Amino acid sequence: MTQELGITALKAGDYKAAIAYFEAAAQATPGNGVVRYNLAQALRHDGREGDAIIEATEALARDPALNEAARLLTYLLSFLKLRNPAGINPAGLAAAFNFINVDHQVLASPALAYLKQCTLLNDALMVCKSQGWSAGAKWLLSSKGRPVLRDPLLLTTLSAAANTDLDIERLLTALRKVLLMTAPEKTFRKAHILDFTYVLIRQLEINEYVFAVSSEEHKNLEEIFVNPQGVAKGSRAAAESLLLKALYTPLWQLLGEDGKDCDSWKVTPKKWCDFICDHISERNQIAKAAEDIECLGDIGNEISQNVARLYEENPYPRWLSLHTPSVKSRHNLLAEYFTESQLAFMNAPCTVLIAGAGTGQQAVDAALGYGPNATLTAIDLSLASLGYGKRMAGLFQVNNLRFIQCDILNAGLLEADFDVIESIGVLHHMDDPWLGWKTLVEKLRPGGLMKIGLYSSAARRSIASLRKDIEVRGIADDQQSIRDYRQNIINQGEDAEGAFLLQSADFFSLSNFRDLMFHVSEQHVTIPEIAAFMAANGLSFHGFEIPIDIVDGYPDGEANLDLVGWSDFEGNHPDTFKGMYVFWCRKN
């Protein structure tokens, strides 16, 4: 009865009464996950978001299939950082990772914080701080570390999202080295160590082997040979050699053509066989998805060719999940920038272009958010990236989205104009961003809407300085050079010029860090330059997407549309658009 009374109070907006009813219901039926989820909703609406997060994990611990609780939890964590994660139910947090329609990367930060503060992982890190990272790694491999290597939340988090904690990276890097330097019969013959090794390889696949590799490790790796035939026939020694090498190099590179028939292999143990087959199968699915993607026009511009080459080698970003939007979400977002009459086209069939779609995360999100009335086209230079995106679109059952390999400079070859064009984080990598933007404007119908994302000269000044230093020093952009440069930043500590990079999520995966610091082409713009372009090309400014951490005093209300005011504000607060300028405009 109290559950029904709580729901009635929640619908009526009497959140304090709803909380009281749901708390009573939770006490009466302690195993009921739905009650805990309803309590989390009431707490959220009452402004107690931290308590709502805790109750959402309690709901999932009781009912791991409760998708609504996982989505509420992830939504709250997307903008709220828990000061004390100790109240979280780790089983519930781990259960949230089981859903593909929530953002696993958002869940990773509180999971890692909980593990560091509330589990024996803290003991391992204490050993590291007092005796060194190698000692901490050896502690993990001893009987004392067994509970850590078996921790369900740690295993789940490392299997589903990139680690973004520097201490944990150092520990995992040291652990990998100890595994390499130790005879396999002392490590891989223990089930819990072997199982954790699979998880570590999965984490390395996610972060694209971003961990530093020492010269000593390189030397040892040169002495290990991969024998695919031996692996296929069930040789334990061959399987363990492959396992060691897979801690440093992707399986598809190690196995090459031999890996295509892995389904018939007799690899031991079977879990390692399944891991290999899943890895190769994913690669094959991406390649197959790319086979029938249409190619429109030639990539003639030299910068475009270099950028295409970069993303063919490193499709970016390598996303694994998505907090899927509701069908009305794009309309609701646009209503913050445009009038209902300007959005009337969304009530009928409409067309949307995602220009520079990469691996499809933005395109899939947009396709779901714009809903079935919209037909979306996603273009990009990189066929490998588009293949990744097309495969992910299939996983999310998106059927209103097509992928085309096409340079933005060739967008004029697309058969029709578009009602909406979105291009985020792309134009500033072109040889001439303004020409790229102008090409897109020409494909936007009169009255059409456009979302643009560009790097800010003011906010990127520190990165520009570091990139200039990289250029002057002649640091190459191959994977080992990038790892070495990155490790040098880590070693320099918090007082170094590049220490601010340690706070960026992009620091913790190879392609993201390459894109951040080693991109073959990057240009920065200013607000006055944006204003001048829009005036010259018949575009009216409709507002920035305001950063969550913006300081007080920013142009608000009608002043939000005053680019002169925004330029003055950024002059006083140059880090405002450290992500990038993201804004909406409309073709007159």
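Fair warning: this is a prediction, and the values are worked out from it, not measured in the lab.

Peer 1: Please set out the overall build of the protein chain residue by residue, giving values where relevant.
Peer 2: A tally of regular secondary structure across the protein chain gives 28 helices and 8 strands. The C-alpha radius of gyration of the protein chain comes to 25 Å, within 12% of the 25 Å expected for a compact globule of 588 residues. Along the first, second and third principal axes, the C-alpha atoms of the protein chain reach 70 × 70 × 50 Å. A total of 588 residues make up the protein chain; the buried ones form 53% of that total. A fraction of 75% describes how many contacts in the protein chain between residues 6 or more apart in sequence connect residues 24 or more apart. A total of about 25400 Å² of accessible surface is found on the protein chain, and carbon and sulfur atoms cover 50% of it. Taking the 54 positively charged and 72 negatively charged side chains of the protein chain as two groups, their mean positions are separated by 7 Å.

Peer 1: Mind laying out a nonpolar patch on the surface, listing which residues take part and the relevant values?
Peer 2: Together, Met1, Leu5 and Tyr21 make up an exposed nonpolar region whose accessible area comes to about 310 Å². Along the chain, the position of leucine 5 falls in helix α1 (residues 2–12). The partly exposed category is assigned to leucine 5, whose relative accessible area is 32%.

Peer 1: Please provide a residue-by-residue account of unusual backbone geometry, values included.
Peer 2: With an omega dihedral of -5 degrees, the bond running from threonine 268 to proline 269 counts as a cis peptide bond. With respect to the element layout, proline 269 can be found in the loop between α17 (251–255) and α18 (270–291).

Peer 1: Quick one: what's the story with the sheet that holds strand β2 (residues 350–355), residue by residue and with numbers?
Peer 2: In spatial order, the strands read β1-β4-β3-β2-β5-β6-β8-β7; together these 8 strands make up an open sheet with mixed pairing. Two strands close off the open sheet at either side, each with one partner strand: β1 (294–295) and β7 (539–544). Sheet topology note: the β2/strand β5 (residues 418–424) ladder contains 3 bridges and is parallel. Across the sheet, the residue bridging to valine 352 is valine 420, located in β5. Those strands touched by helix α23 (residues 433–441) are β2, β5, β6 (444–454), β7 and β8 (581–587), and its axis lies near 150 degrees from that of β6.

Peer 1: Outline the packing of helix α27 (residues 527–536) against helix α28 (residues 563–572), listing residues and values.
Peer 2: Relative orientation of the contacting elements α27 and α28 amounts to 165 degrees, with a least axis distance of 9 Å. In terms of orientation, α27 lies roughly antiparallel with respect to α28. The handedness of the crossing between α27 and α28 comes out as right-handed. Note on element contacts: α28 touches α27 through Leu563, Trp566, Ser567 and Glu570, opposite Ile527, Pro528, Ala531 and Met534.

Peer 1: Give a description of the side chain of threonine 187 that names residues and reports values.
Peer 2: By secondary structure assignment, the location of threonine 187 is in the loop between α12 (166–181) and α13 (191–206). The class for threonine 187 is buried, based on a relative accessible area of 2%. In this structure, threonine 187 is in contact with Leu179, Thr182 and Ile193, ignoring residues within four places of it in sequence.

Peer 1: Before we move on, can you summarise the pairing of strand β3 (residues 374–380) with the specific residues and values?
Peer 2: Taking burial as the measure, the 7 residues of β3 include 6 buried ones, the bulk of the element. Sheet topology places β2 next to β3; 6 bridges connect them, and they run parallel. Residue pairing in the sheet places valine 352 in a bridge with leucine 376 of β3. Each parallel crossover has a hand, and for β2 linked through helix α21 (residues 361–370) to β3 it is right-handed. Handedness of the crossover joining β3 and strand β4 (residues 401–405) through helix α22 (residues 383–395) is recorded here as right-handed.

Peer 1: Would you mind going over the packing of aromatic side chains in detail, with residue names and values included?
Peer 2: For any pair of aromatic rings, the description rests on two quantities: the centre-to-centre distance and the angle between the ring planes. Enumeration over the complete set of coordinates arrives at 26 aromatic pairs. Residues phenylalanine 544 and tryptophan 566 carry aromatic rings whose centres are separated by 5.2 Å and whose planes lie at 80 degrees to one another, so their mutual orientation is edge-to-face. With a gap of 22 residues between them, phenylalanine 544 in strand β7 and tryptophan 566 in helix α28 connect regions that are remote in the sequence. Note on tryptophan 566: relative accessible area 0%, which makes it buried.

Peer 1: If you had to explain the environment of asparagine 32 to someone new, which residues and values would you point to?
Peer 2: By the element assignment, asparagine 32 lies in the loop between α2 (15–28) and α3 (33–45). Note on asparagine 32: relative accessible area 29%, which makes it partly exposed. In this structure the C-alpha to C-alpha distance between asparagine 32 and aspartate 63, which are 31 residues apart in sequence, comes to 7.6 Å. From its side chain, asparagine 32 meets the backbone nitrogen of valine 35 in a polar contact 3.1 Å long.

Peer 1: Please give an account of the environment of arginine 146 that cites residues and values.
Peer 2: Its place among the elements puts arginine 146 in helix α10 (residues 146–149). Owing to a relative accessible area of 33%, arginine 146 belongs among the partly exposed residues under this scheme. For the pair arginine 146 and histidine 192, spaced 46 residues apart in the sequence, the C-alpha separation amounts to 7.1 Å. Excluding residues that lie within four positions of it along the chain, arginine 146 makes contacts with Leu140 and His192.

Peer 1: Pulling in residues and values, what's your account of the pairing of β6?
Peer 2: A large share of β6 lies buried, amounting to 9 of its 11 residues. Tracing the backbone out of β5, into α23 and back to the parallel element β6 gives a crossover that is right-handed. Alignment of β6 against β8, held across 6 bridges, turns out to be antiparallel. When the sheet's bridge partners are listed, methionine 450 is paired in β8 with cysteine 585.

Peer 1: Any chance you could break down the environment of cysteine 128 for me, citing the residues and the numbers?
Peer 2: Tracing the backbone shows cysteine 128 in helix α8 (residues 121–131). Expressed as a C-alpha distance, the spacing of cysteine 128 and tyrosine 388, which sit 260 residues apart in the sequence, is 38 Å. The contact partners of cysteine 128, leaving out residues within four places of it in the chain, are Trp133, Gly136 and Leu171.

Peer 1: Tell me about the nonpolar core, and please be specific about residues and values.
Peer 2: Within the largest apolar cluster, 114 residues are counted, with the highest numbers of intra-cluster contacts made by Leu60, Leu73, Trp272, Ile276, Phe507, Phe513 and Met517. Ranked by residue count, the leading element in this core is α12, at 9 residues. Apart from residues no more than four positions distant in its own chain, leucine 60 is found in contact with Leu66, Ala69, Ala70, Leu73, Gly92, Ala95, Ala96 and Phe99. Core analysis: the second largest hydrophobic core is formed by 37 residues, Ala355, Leu444, Tyr581 and Cys585 among them.

Parameters at a glance
- Residue numbers here run from 1 along each chain, matching the order of that chain's written sequence.
- The predicted nature of this model means local features are confined to residues of pLDDT at least 70 and side-chain atom pairs, given and counted, to a pLDDT of 80 or more, with totals for whole chains, interfaces and linings taken over all residues.
- In computing side-chain properties, one takes all heavy atoms of the structure into account and sets aside hydrogens as well as water.
- Here a helix means four or more residues in a row that DSSP labels H or I, a strand means two or more in a row labelled E, and each is numbered from the N terminus.
- Radius of gyration: over C-alpha atoms. The globule rule applied is 2.2 Å multiplied by the number of residues raised to the 0.38 power.
- In this scheme, a residue with accessible area under 20% of its type's maximum is buried, one over 50% is exposed, and one in between is partly exposed, where area comes from a 1.4 Å probe on protein chains only.
- We call two residues contacting when some pair of their heavy atoms lies within 4.5 Å.
- Computed with a 1.4 Å probe, the accessible areas rest on the Shrake-Rupley method; for each residue, only the protein chains presented here act as cover.
- We count Lys and Arg on the positive side and Asp and Glu on the negative side, and we leave His and both chain ends out.
- By convention, the charge on Lys lies at NZ, on Arg at CZ, on Asp at CG and on Glu at CD.
- Put simply, a patch holds well-exposed residues, over 30% relative accessible area, that have no salt bridge, with like charges counted together within 9 Å and Val, Leu, Ile, Met, Phe, Trp or Tyr side chains within 5 Å.
- For this analysis, a salt bridge means a side-chain nitrogen from Lys or Arg found within 4 Å of a carboxyl oxygen belonging to Asp or Glu.
- At least two bridges found by DSSP between two strands are what make those strands a pair.
- Comment: axis = line fitted to C-alpha atoms, over the contacting stretch for helices; angle = value between 0 and 180 degrees taken between N-to-C directions.
- Note that the term roughly parallel is reserved for angles under 35 degrees, roughly antiparallel for angles over 145, roughly perpendicular for angles of 65 to 115, and oblique for everything else.
- Each crossing gets its handedness from the near helix: less than a right angle anticlockwise from the far helix is left-handed, clockwise is right-handed.
- Place the viewer so that the strands point away; then a crossover is right-handed whenever the path from the first strand over the helix to the second strand goes clockwise.
- For this analysis, a ring pair means two rings from Phe, Tyr or Trp (six-membered ring only for Trp) whose centres lie within 6.5 Å, classed as stacked if their planes differ by under 30 degrees, edge-to-face if by over 60, and tilted for the remaining angles.
- Between N or O atoms, a polar contact is any pair within 3.5 Å; within protein, one atom must be a potential hydrogen donor and the other a potential acceptor, and residues adjacent in sequence are included only when both atoms are from side chains.
- Only buried Ala, Val, Leu, Ile, Met, Phe, Trp, Tyr and Cys residues count toward a nonpolar core, and they belong to the same one when joined by side-chain atoms within 4.5 Å.

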